[in-house]
Amino acid sequence: MMWRRLGFAIAVCAMAAGCASREPLVTPPIPALPTRSGSAPIRSVVGKASWYGPGFNGRPTATGEIYNQDQMTAASSIFPLGSRAIVTDLASGRAVEVRINDRGPFRKGRKIDLSYGAARALGMVGPGTALVRMDLVSTPAVDPAGEPQYFVQAGSYADHGNAENARARLAAYYTDVRLSELDTEGRRYYRVRMGGFATREQARARALQSARFGLPVIIISE
C-alpha cells in the first residue's frame, strides 16, 4: 500500500513538472520613457526624414507657437512635443539638434519633418529626403523645485573644431559662451551654448542678436 501511495505521489510530481515546463516565459516589461529632462539619450530611431517650409511658415504648430522655418525645429509623431533630438544624416554624417514643436509627417514611410533651417543645416534641402538617425536627448518637464532656465544654443556639432570655431566667434562678443559635450549611441557631439537666462524673453533677445552670425540658433529650457 505504501509503495502504491509513493508511486502515485511521484506520478503527480512528474505531471506538475511537465506542466511547469510548458509555462510561457515572462518577458520583463519595457520601462516607460522618463519624463524628466536630462542629457542622457533615451531612445534612438532610424528612418526617412523630409522637410517642410514656405507653405507652412507663419502658421501655428501643434504646440501653439508660430512656425518659423528658419528655426531648428521639427514635426514628429514619435517623440513628445517639446522634446529635443539630434538628427544625423547617415550618408554625410552631418547632424543638427532640433526641438519637436509640431506633429507629422503625414506621408507614409517618413519619421520626421525638419524645418527648412534644420534641413539646410543637414544639406538635404535639394534632395528633399534623407535617411537619418534620431537620438532623443530630453523630454519636457516642469521642475517642481523652481523655474526653468533658458539657454541659447548655437549649434550641435560632431566635429570639435567646428564647435570651437563657433564658440570663439560668439565669445568675442559675449562672456557666457561655453562648450558642452553630449555622448549618444557611441558618438560625441559638441554643443555651443549661452546663458542661462531667467526668462524666455531674455533668451529670445540674445538669440535675435546672435542670429547675425548665421549659426543654427535655438532656445532651450532646462
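About the criteria used
- Residues numbered from 1 in each chain as written.
- Predicted model: local features only at pLDDT ≥ 70, side-chain atom pairs only at ≥ 80, totals over all residues.
- Heavy atoms only, no water.
- Buried < 20%, exposed > 50% of the residue type's maximum accessible area, 1.4 Å probe, protein only.
- Helix = DSSP H or I, 4+ residues; strand = E, 2+ residues; numbered from the N terminus.
- Pairing = 2+ DSSP bridges.
- Salt bridge = Lys/Arg side-chain N within 4 Å of Asp/Glu carboxyl O.
- Axes fitted to C-alpha atoms, helices over the stretch in contact; angles between N-to-C directions.
- pLDDT = per-residue confidence, 0-100.
- Contact = heavy atoms within 4.5 Å.
- Arc of directions from axis to C-beta.
- Polar contact = N/O pair within 3.5 Å; in protein donor to acceptor, adjacent residues only side chain to side chain.

A. Region of the structure containing the pairing of strand S9 (residues 187-197). With eight of its eleven residues buried, S9 lies for the most part within the structure. Pairing geometry for strand S7 (residues 150-157) and S9, over six bridges, is antiparallel. Looking across to S9, one finds that Ser156 is bridged to Arg191. With eight bridges joining them, strand S8 (residues 177-184) and S9 adopt antiparallel strand pairing. Within S9, the residue paired with Val177 across the bridge is Met194. Linkage of S8 to S9, two consecutive antiparallel strands, is achieved through a turn of two residues, within which Glu185 is found at a positive phi near 50°.

B. Representation of the pattern of salt bridges. Scanning the model with the defined rule gives eight salt bridges in all. With a closest N to O distance of 2.4 Å, Glu97 and Arg84 form a salt bridge. A residue pair is termed long-range when its members are at least 10 positions apart, and Glu97 in strand S4 (residues 95-102) and Arg84 in strand S3 (residues 84-89) qualify at 13 residues. In this structure Glu97 comes out as buried when scored by relative accessible area, which is 3%. One salt-bridge network, in which partners are shared between bridges, spans Arg84, Glu97 and Arg191.

C. Expanded view of the sheet that holds S7. Strand order in the open sheet formed by four strands is S8-S9-S7-S10, with antiparallel pairing between adjacent strands. This sheet does not close on itself; its edge strands, each paired only once, are S8 and strand S10 (217-221). Here the strands of the sheet are splayed against their neighbours by 40° on average, with no regard to which way each runs.

D. Region of the structure containing the confidence of the model for the chain. When pLDDT is averaged along the chain, the result is 79, and 77% of the positions lie at 70 or above. Here residues 1-42 is a poorly scored stretch, pLDDT under 50, and it has 27 contacts once near neighbours within four places are set aside; other chains count.

E. Spotlight on helix H4 (residues 200-210). Listed in full, the buried residues belonging to H4 are Ala203, Arg206, Ala207 and Ser210. Each buried residue of H4 lies within a common arc of 105° when the element is viewed along its axis, so the set occupies one face. Within H4, the exposed residues directed more than 90 degrees away from the buried face are Glu201, Arg204 and Leu208. As for H4, its buried residues are in contact with S7, helix H3 (160-171), S9 and S10.

F. Quick look at the side chain of Arg191. Among the secondary structure elements, Arg191 is positioned in strand S9. Engagement of the side chain of Arg191 in a polar contact is seen with the side chain of Glu97, the distance being 3.4 Å. Here Arg191 is in contact with Arg84, Glu97, Val137, Gln153, Gly155, Ser156, Arg178, Leu179, Ser180 and Leu182, once residues within four sequence places are set aside.

G. Structural view of the environment of Asp183. With respect to the helices, strands and loops of the structure, Asp183 is situated in strand S8. The sequence separation of Asp183 and Val137 amounts to 46 residues, and the corresponding C-alpha distance is 9.7 Å. Side-chain polar atoms of Asp183 contact the side chain of Arg188, separated by 2.8 Å.

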